[in-house]
Amino acid sequence: MHDISEQHPEQLPSARSLRRATLLAALIAAAVLVTAVLPAEYGIDPTGIGRALGLTSLNQAPPAAAPEAPAAAPPATLVKRAGELRSDEMALPLMPGQGAEIKAVMAAGDHFVFRWTVAGGAVSFDMHGERHAAAEGEFTSYWLGEAQSAAGGSFRAPFAGTHGFYWQNDGTEPVTVRLQTSGFYEALFMP
Amino acid sequence: MTLHATALRLLLAVLGCGCIGAALAHGVAEGDAGFIEQSRGVQLAPFVYLGAKHMVTGYDHLLFLFGVIFFLYRLRDVGIYVTLFAIGHSATLLYGVLSGSHVDPYLVDAIIGLSVVYKALDNLGAYRRWFGVQPDTRAAVLIFGLFHGFGLATKLQDFTLDADGLVANILAFNVGVEIGQLLALTAILLAMDYWRRSAAFARQAFAANLLLMSAGFVLMGYQIAGYFTTA
């Protein structure tokens, strides 16, 4: 036998002492559970001892933190840029059916905030960018829309090149698009 | 050779392996969960490391092992019982993960707590005293080993495992569990060996198993409370 009788060959512990030992073990366990484990792990604190010991604080970690952050690349809070801050404003008249662009020359990481408004109607648009010396028709679209009379936002250039807007007047009356930009970029121009 | 010398030699050999494992897995420990989720294909060394880490830091498994070897003096007996435990937990770890069968982790862990209580009472001779019979200790270790294996499986199943290389990775995890068990066991055996030589051991054996039983009850209560609060 591999049990306590090897230590006490004369006899096993009595049934009575075994019952008392089991009861004592259960009581110790109950005390540990109620005063420490349950308050710390689950915030269940019937005696208040867990709170007095500060154990319940282990169970009060902010639960909302996890789902808050989206899995996609988190937006940078701070974008540092050297160089001059530019502000530009341009107006672009568009005849019915006509489309045209205003674009900014930007290095990768350059950033601007923008707002454009349409006087006299609405336009469809494609906010997009092209690398320097890109082949014809090779561009990246950021934002597509139809029948809009205003839009705004903030843009950070993912690569060096020209980034900006193409607007098209789908209506029957002439319109004027007015664009304001402010930020770090080299120049704003109409191609 | 004395048990002490054998155990020391074993410890040194295993520590050697452990250092290599830790070196290979350097930088993995901080992001175990992320690693398991993102790993693709066969990744033997990291999974071996994770298995060993889980065992060495798994106090529920260690408490049970402590109870199992409490009155085992011969290294041969230790080997037999630990092998039975390893067969038991390997079977259900592999079966659990590969079959994708889901067992409630709280219930499995509560049964693992029960196994600690059971072994403590067994050590105290309670079954012989109360019922006049000694339940087969080897069968008990094997059967509780099966539940420990389901416990190991549920820990791995918390993650989405890549099907590519799954079998090899689970086998590697299992190998790691055995290495970890060997490491922990060697340390426990060394400490036990010193303790048993002391005159106080005979007096303290009863109290030690009482405390072991108490720890088993705490584990049970902890897991059962978890089962009801998260249900």
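Worth saying up front: this structure is predicted, and the values here are computed from it rather than measured. (Residues numbered from 1 in each chain as written. Chains lettered and ligands numbered in written order. Predicted model: local features only at pLDDT ≥ 70, side-chain atom pairs only at ≥ 80, totals over all residues.)

(A) Structural view of the overall build of chain A. Per the secondary structure count, chain A includes three helices and nine strands. Written out in order from the N terminus, the α and β elements of chain A read α-α-α-β-β-β-β-β-β-β-β-β. (Helix = DSSP H or I, 4+ residues; strand = E, 2+ residues; numbered from the N terminus.)

(B) The interface of chain A and chain B, seen in detail. Contacts between the two partners involve 25 residues from chain A and, on the opposite side, 26 residues from chain B. Its residues assigned to classes, the side of chain A that touches chain B comprises 18 nonpolar, four polar and three charged. (Contact = placed C-beta atoms within 7 Å. Nonpolar A, V, L, I, M, F, W, Y, C, P; charged D, E, K, R; others polar.)

(C) Just the pairing of strand β4 (residues 123-131) of chain A, in detail. Residues and elements named next belong to chain A. Sheet analysis places β4 next to strand β5 (residues 140-148), joined by six bridges and oriented antiparallel. Bridging from a neighbouring strand, Phe125 pairs with Gly145 of β5. Across eight bridges, β4 lies against strand β7 (residues 161-168) in antiparallel orientation. Its bridge partner being in β7, Arg131 is matched across the sheet by Gly161. (Pairing = 2+ DSSP bridges.)

(D) Up close: the sheet that holds strand β8 (residues 175-184) of chain A. Residue and element names in this part refer to chain A. Strands sit in the order β1-β8-β3-β6 across an open sheet of four strands; the sheet is antiparallel. Since the sheet does not close on itself, it has two edges, and those belong to β1 (86-94) and β6 (150-156), each with one partner. The mean angle between the axes of side-by-side strands here comes to 15 degrees, regardless of whether they run parallel or antiparallel. Note that strand β3 (residues 111-119) and β8 share nine bridges and pair antiparallel. What sits directly across from Val113, in β8, is Ser182. (Axes fitted to C-alpha atoms, helices over the stretch in contact; angles between N-to-C directions.)

(E) Structural view of the packing of helix α5 (residues 75-99) of chain B against helix α9 (residues 166-197) of chain B. All names here are of chain B. Contact pair α5 / α9: the axes reach a minimum separation of 11 Å and the direction vectors enclose 150 degrees. Compared by their axis directions, α5 and α9 come out roughly antiparallel. Viewed along their axes, α5 and α9 form a crossing whose handedness is right-handed. Contacts from Val78, Val82, Ala86, Ser90, Leu93, Leu94, Val97 and Leu98 in α5 reach Val167, Ile170, Asn174, Glu178, Gln181, Leu185 and Leu189 in α9. Residue composition of the contact of α5 with α9, grouped by class: eleven nonpolar, three polar and one charged. (Parallel < 35°, antiparallel > 145°, perpendicular 65-115°, else oblique. Left-handed = near helix turned anticlockwise from the far one by under 90°.)

(F) Structural view of the nonpolar core. Counting residues in hydrophobic clusters, the biggest one holds 68 residues, and the most contacted among them are B:Val116, B:Val117, B:Met213 and B:Val218. Taken together, the elements giving at least two residues each to this core come down to α1 (15-42) of chain A together with α3 (44-56), α4 (59-68), α5, α6 (105-123), α8 (137-157), α9 and α10 (200-230) of chain B. For this core, the leading source of residues is α9(B), giving eleven residues. In terms of nonpolar packing, the next biggest core, distinct from the first, is built from 22 residues, A:Leu92, A:Val123, A:Phe155 and A:Leu179 among them. (Core = buried A, V, L, I, M, F, W, Y, C linked by C-beta atoms within 7 Å. Buried ≥ 20, exposed ≤ 12 C-beta atoms within 10 Å, placed from the backbone.)

(G) Summary view of the sheet that holds strand β2 (residues 99-106) of chain A. All names here are of chain A. Ordered by their spatial adjacency, five strands build an open sheet running β5-β4-β7-β2-β9, and the pairing between neighbours is antiparallel. Strands at the two margins of the open sheet, each flanked by one partner only, are β5 and β9 (187-189). Within the sheet, the average angular offset between the axes of one strand and its neighbour, ignoring direction, is 15 degrees. Pairing geometry for β2 and β9, over three bridges, is antiparallel. Residue pairing for β9: Lys103 is matched across the bridge by Phe189.

(H) Structural context of the environment of B:His102. Residue and element names in this part refer to chain B. Residue position: His102 is located in the loop between α5 and α6. What makes His102 exposed here is the crowd of 11 C-beta atoms within 10 Å. Separated by 48 residues in the primary sequence, His102 and Phe150 place their C-alpha atoms 9.0 Å from one another.

(I) View of the confidence of the model for chain A. For chain A, the average pLDDT comes to 84, and 88% of its residues sit at 70 or higher. Contacts for the low-pLDDT stretch residues 63-71 of chain A, under 50 throughout, to residues beyond four places or in other chains number one contact. (pLDDT = per-residue confidence, 0-100.)

(J) The arrangement of unusual backbone geometry in detail. The backbone phi angle of A:Ala147 is positive, close to 50 degrees, even though this residue is not glycine. When you line up the elements, A:Ala147 lands in strand β5.

(K) Region of the structure containing the packing of α4(B) against α6(B). Residue and element names in this part refer to chain B. α6 packs onto α4 with a crossing angle of 20 degrees between their chain directions and a minimal axis gap of 9 Å. By the angle between their axes, α4 is roughly parallel relative to α6. For α4 against α6, the interelement crossing comes out left-handed. For the pair α4 and α6, contact is made by Asp60, Leu63, Phe64, Gly67 and Val68 and by Asp109, Ile112, Gly113, Ser115, Val116, Lys119, Ala120 and Asn123, respectively. Classifying every residue of the contact of α4 with α6 by side-chain character gives six nonpolar, four polar and three charged.

(L) View of the pairing of β7(A). Residues and elements named next belong to chain A. Most of β7 sits out of view: six of its eight residues are buried. In terms of strand pairing, β2 meets β7 through eight bridges, oriented antiparallel. Bridge pairing in β7 places Lys103 opposite Gly164.

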